[in-house]
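Fold and contact review
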Amino acid sequence: MAGGRCGPQLTALLAAWIAAVAATAGPEEAALPPEQSRVQPMTASNWTLVMEGEWMLKFYAPWCPSCQQTDSEWEAFAKNGEILQISVGKVDVIQEPGLSGRFFVTTLPAFFHAKDGIFRRYRGPGIFEDLQNYILEKKWQSVEPLTGWKSPASLTMSGMAGLFSISGKIWHLHNYFTVTLGIPAWCSYVFFVIATLVFGLFMGLRIFLFLPFIEQNRRSEEAHRAEQLQDAEEEKDDSNEEENKDSLVDDEEEKEDLGDEDEAEEEEEEDNLAAGVDEERSEANDQGPPGEDGVTREEVEPEEAEEGISEQPCPADTEVVEDSLRQRKSQHADKGL
């Protein structure tokens, strides 16, 4: 009997002891905060952070088994982000379809490396060692970057992000119809077909109504451009006329200067010729009638008489000189006209 009574008592004592231990250990375990993830979730509102610095991004879906297998490796890689001087982020393609379209993600999981706004696709296994070597050894430098229209920051990929975002909203709306409201799937499809037709008709009607205004604006712009071209041509013609006038004035001035120079030269020549004629006449006058000594011209020796005849001016020579002077004056008058 004693042994039977002690058994329940020992069991009760053991249960009380376990409860006390649990009570003392419970607050301590509750006091320990859960380990905070170093992976930063990226959304459409904060994705531009990857344009600065060095980043590694992972695109995943909660239902993807391959994505779940790399979660622990990605968390370990993010813990060493401070040592590697790199930021680590992740994108849920279900919640952020726009970002999946911006990066044109077609397979999951998908990894991207970003360095100062230049993006590259990482195609490794996604394990911690390979990711660490990819950064430390700078293997990303041997990978061709996504440039041009392929860059997530380009205008083309911005449009792709908008299309993926619209498709994601349509998918969520389809799930709301079929799952939450219990509407058959074919009814949801019919609704989207009708909505697409109505939207297309609305856009076509809008374009048809605004087309005359668009055409009018286009014509006014063309007329304005034609006026500008005409004004430019008129200004060009005016400038050409002014240049031609200036050139003509310059040519006339040059001709006048040349005429003045010719006049000065001709005047000098005339003066020289007139001076020569005057000297010859003065010499002839000096050899005039015989003096008081009674010596006549016939008594001069023949040689001296011949020399005197040669020194006397010939009337024919003076006439030739005067004719040349008249011709030069007439030529000068023609040039002046």
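Refer to the structure printed above.
Given the structure is predicted, the values throughout are model-derived calculations rather than measurements.

The element strand S4 (residues 110–115) is largely enclosed, with a buried count of five among its six residues. Pairing of strand S2 (residues 54–60) with S4 involves six bridges; the strand directions are antiparallel. Bridge pairing links Lys 58 to Phe 111 in S4. Summarising the sheet, S4 and strand S5 (residues 118–122) pair through five bridges and their orientation is antiparallel. Paired with Phe 111 across the bridge in S5 is Tyr 122. The antiparallel pairing of S4 with S5 creates a hairpin that spans two residues between the two strands, and Asp 116 there sits at a positive phi of about 55°.

This paragraph deals with the sheet that holds S2. What the five strands build is an open sheet, ordered S1-S3-S2-S4-S5; its pairing is mixed. For this open sheet the edge positions go to strand S1 (40–41) and S5, each flanked by a neighbour on one side alone. Strand direction decides the pairing type here: S1 and strand S3 (residues 87–92), joined by two bridges, are parallel. When the sheet's bridge partners are listed, Pro 41 is paired in S3 with Lys 90.

A few words now on helix H6 (residues 128–136). Where H6 is concerned, the buried positions are Phe 128, Leu 131, Tyr 134 and Ile 135. Each buried residue of H6 sits inside an arc of 130° when the element is viewed along its axis, so together they form one side. Where the residues of H6 are buried, they touch S2, helix H3 (71–79), helix H4 (81–84), S4 and S5. Positive backbone phi, approximately 50°, marks Lys 138, located one or two places after H6.

Looking now at the pattern of salt bridges. The final tally for this structure, using the stated rule, is five salt bridges. The closest approach of N and O atoms between Asp 71 and Lys 58, which form a salt bridge, is 2.7 Å. You can see Asp 71 sitting in helix H3 and its partner Lys 58 sitting in strand S2, a full 13 residues away along the chain. Classification of Asp 71 as partly exposed rests on a relative accessible area of 34%. Of the residues examined, Lys 58 reaches a relative accessible area of 1% and is grouped as buried. Here Arg 218 and Glu 222 are joined by a salt bridge, their closest N and O atoms 2.6 Å apart. Taken together, the residues Arg 218 and Glu 222, both in helix H8 (residues 185–286) and four residues apart, mark about one turn of the helix. Residue class for Arg 218 comes out partly exposed when judged on its relative accessible area of 37%.

Reading the values: rules and limits
Residues numbered from 1 in each chain as written. Predicted model: local features only at pLDDT ≥ 70, side-chain atom pairs only at ≥ 80, totals over all residues. Heavy atoms only, no water. Buried < 20%, exposed > 50% of the residue type's maximum accessible area, 1.4 Å probe, protein only. Helix = DSSP H or I, 4+ residues; strand = E, 2+ residues; numbered from the N terminus. Pairing = 2+ DSSP bridges. Arc of directions from axis to C-beta. Contact = heavy atoms within 4.5 Å. Salt bridge = Lys/Arg side-chain N within 4 Å of Asp/Glu carboxyl O.

So yeah, pure geometry; function would need other evidence.
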